[in-house]
Protein chains: 2
Amino acid sequence: MSSLHLQTYTQRALRQKNPAAKLLLETIDRKQSNLAVSVDVASPKDFLAIIDAVGPFVCLIKATLLLRRLFSTHIDIIEDFTPALLEDLQALSTKHDFVIFEDRKFADIGNTVALQYSSGVHKIASWAHLTNAHCVPGPSVITGLSSVGLPLGRGLLLLAEMSTKGSLASGSYTEAAVQMAREHRDFVVGFIAQRRMDGVGTGPNETLEEEDFLILTPGVGLDVKGDAMGQQYRTPREVVLESGCDVIIVGRGIYGQDPSLVDSIAAQAIRYKEAGWAAYLARTQIGSL
Amino acid sequence: MSSLHLQTYTQRALRQKNPAAKLLLETIDRKQSNLAVSVDVASPKDFLAIIDAVGPFVCLIKATLLLRRLFSTHIDIIEDFTPALLEDLQALSTKHDFVIFEDRKFADIGNTVALQYSSGVHKIASWAHLTNAHCVPGPSVITGLSSVGLPLGRGLLLLAEMSTKGSLASGSYTEAAVQMAREHRDFVVGFIAQRRMDGVGTGPNETLEEEDFLILTPGVGLDVKGDAMGQQYRTPREVVLESGCDVIIVGRGIYGQDPSLVDSIAAQAIRYKEAGWAAYLARTQIGSL
């Protein structure tokens, strides 16, 4: 494993060329938080309430299902709410100083994803600093998205692995995904994964320039190990210290079942933020030995 | 390769248990057409005009980008058009007797895809006979979709391969995708692929019940071999006769650049329909030797 991730977020921000990657590392450093919250709730009101509650403690909000949720009930909701919701989300991003990641999981050919990213009433590229894509269609999914996002200073995360049971994103798939990322380093800033990807997919005699892909890691929990739908959970310490990941993504572990309990939601966010930061400090201590 | 696909569509329809698979095979037989048209145009008016023009000659319409196109310009279009467009599409499906396939490419974990499939103003499961999914998240993508679609008599196609250059859906990925399909045979009716998948992913000494997955094949063209975005094209004869696929999917090769030229669009549809059917007849002749 390369040792770049043992440096501080500050040091690593200096070397990043992609604006979205730099912004994320600077935000983590400024807020002393490598916590991202994935907000997946049924009502726009709850969506915003949770983000406002966790906002001070996170570096990033993952808007997992924003597109679906915007159109969740009936046509009036769209008309009344959509543009306002996107504006409110951006206002909260400014107020609380966090990066927005739209978990779109693009997975189609170049032409199609370019239109999906730029067009429609959502115009994801216009408000999401980061989005993500599956590599299964091949490199055209990256070049298609890059043609839209790169001029706007956006960044792309690739799904090199998934934390669900029986996922096919492993082995040679993961290696090929990392090779694709390496060939589009200006736009691909990192991975949604469970471990670092530095050097993955390179031959034994191949020398690489030092690479510092950001690793954002879902499936993080302090209290449970798995659920009935095949999701597996690991602790912040396992993820950040042992596996060298950079951002922990937590969902219901923070906001539970009742979005109105903003005090307890904030308390959980602080708990995860502290666990994630302690793991990071332990990691940089290793780096400074 | 198993020989089931050398039988007639009629014979194969009798053995299918999934209602959507049975409907598709019966429709192919009734209309003597294994042609599907993928309609990807900017305006709802053009979308419906093209479908009305090609409708008499197709077994299936692939609504590639329906979700995006519905929201393509501004909010008024949604309000005025969305419910009407879905109703019009269904009316054309009845008028011209074709199956609707929403090319959604689901690619998330079980909980998420179940909600994406059932919810929102689109309610894909309520109007699309068939939809499709990437296998990369593992089996939960199938069980999540099946929980919604199976009670409605819907069917799922898996993306076991993709026709773009550098696609990761090959080798062990394809084998795992077929194994997943086999384990969910009630809901998974076939594949989006370039060849038959019978027996793929089985060990040398493993005996399988005869399986008859439907193969729907994009990237079909009579006039061109490839485009700048990495799409590769094969002829109906190559696809149906040589590779044993069941449905040819054609897009711009049929409706070109000007959606108002309905007569020439219909003429192209007839041309592809005849080429696809001739290839099928040649195949069943082999089967009856």
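Residues numbered from 1 in each chain as written. Chains lettered and ligands numbered in written order. Predicted model: local features only at pLDDT ≥ 70, side-chain atom pairs only at ≥ 80, totals over all residues. Heavy atoms only, no water.

**Brief notes about helix α2 (residues 19–31) of chain B**
Residues and elements named next belong to chain B. Compared with an ideal rise of 1.5 Å per residue, which puts 13 residues at 18 Å, α2 spans 18 Å between its outermost C-alpha atoms and is within 8% of the ideal. For α2, the set of buried residues is Ala-20, Ala-21, Leu-24, Leu-25, Thr-27, Ile-28 and Lys-31. One face of α2 carries all of its buried residues, which in axial projection span an arc of 160 degrees. Its side-chain oxygen at 2.8 Å from the backbone nitrogen of Ala-20, Asn-18 defines the N-terminal cap of α2. Once α2 finishes, Gln-32 follows within two positions and takes phi at roughly 45 degrees, a positive value. (Helix = DSSP H or I, 4+ residues; strand = E, 2+ residues; numbered from the N terminus. Expected span 1.5 Å × (residues − 1). Buried < 20%, exposed > 50% of the residue type's maximum accessible area, 1.4 Å probe, protein only. Arc of directions from axis to C-beta. Polar contact = N/O pair within 3.5 Å; in protein donor to acceptor, adjacent residues only side chain to side chain.)

**Some details on the sheet that holds strand β2 (residues 60–62) of chain A**
Residues and elements named next belong to chain A. Reading around the circumference, β1-β2-β3-β4-β5-β6-β7-β8 is the order of the 8 strands in this closed barrel, with parallel pairing throughout. Adjacent strand axes in the sheet meet at a mean angle of 30 degrees, parallel and antiparallel pairs treated alike. Summarising the sheet, strand β7 (residues 214–217) and strand β8 (residues 247–250) pair through 2 bridges and their orientation is parallel. Each bridged residue has a counterpart across the sheet, and for Thr-217 the counterpart in β8 is Ile-248. Strand contacts of helix α2 (residues 19–31): β2, β3 (99–106), β4 (130–134), β5 (155–159), β6 (188–192), β7 and β8, with the helix running at about 65 degrees to β7, the strand carrying the most contacts. Most of the contacts of helix α9 (residues 172–182) go to β6, to which it runs at about 160 degrees, and overall it touches β4, β5 and β6. (Pairing = 2+ DSSP bridges. Axes fitted to C-alpha atoms, helices over the stretch in contact; angles between N-to-C directions. Contact = heavy atoms within 4.5 Å.)

**Topic: the pairing of strand β7 (residues 214–217) of chain B**
The side chains of a regular strand alternate between both faces of the sheet. Residue and element names in this part refer to chain B. Where burial is concerned, the two faces of β7 agree: the one with Leu-214 and Leu-216 and the one with Ile-215 and Thr-217 are both buried. For strand β6 (residues 188–192) and β7, the ladder comprises 3 bridges, and the chain directions are parallel. Each bridged residue has a counterpart across the sheet, and for Phe-191 the counterpart in β7 is Ile-215.

**Observations concerning the UniProt feature "binding site: substrate" (unreviewed entry) in chain A**
Annotation from UniProt places "binding site: substrate" (unreviewed entry) at Asp-40, Ser-163, Gln-231, Gly-251 and Arg-252 of chain A. Within the element layout of this structure, Asp-40 of chain A appears in the loop between β1 (35–38) and α3 (44–54). (UniProt positions renumbered as here; feature names shortened; annotations may be inferred.)

**Thoughts on the pairing of strand β4 (residues 130–134) of chain B**
Residues and elements named next belong to chain B. In terms of residue burial, β4 counts as a mostly covered element, since 5 of its 5 residues are buried. What you see with β4 is no split at all: Leu-130, Asn-132 and His-134 on one side and Thr-131 and Ala-133 on the other are buried throughout. Bridge count between strand β3 (residues 99–106) and β4: 3 bridges; the pairing is parallel. Among the inter-strand pairings, Phe-106 is bridged to a residue of β4, identified as Ala-133. As judged from the 5 bridges shared by β4 and strand β5 (residues 155–159), these two strands associate in the parallel manner. Of the residues in β5, the one forming a bridge with Thr-131 is Leu-156.

**Examining the sheet that holds strand β8 (residues 247–250) of chain B**
Residues and elements named next belong to chain B. The sheet built from 8 strands closes into a barrel, its strands ordered β1-β2-β3-β4-β5-β6-β7-β8 with parallel pairing. Within this sheet the neighbouring strands show an average axis-to-axis angle of 30 degrees, counted without direction. Pairing of strand β1 (residues 35–38) with β8 involves 3 bridges; the strand directions are parallel. Looking at β8, one finds that Val-37 is bridged to Val-250.

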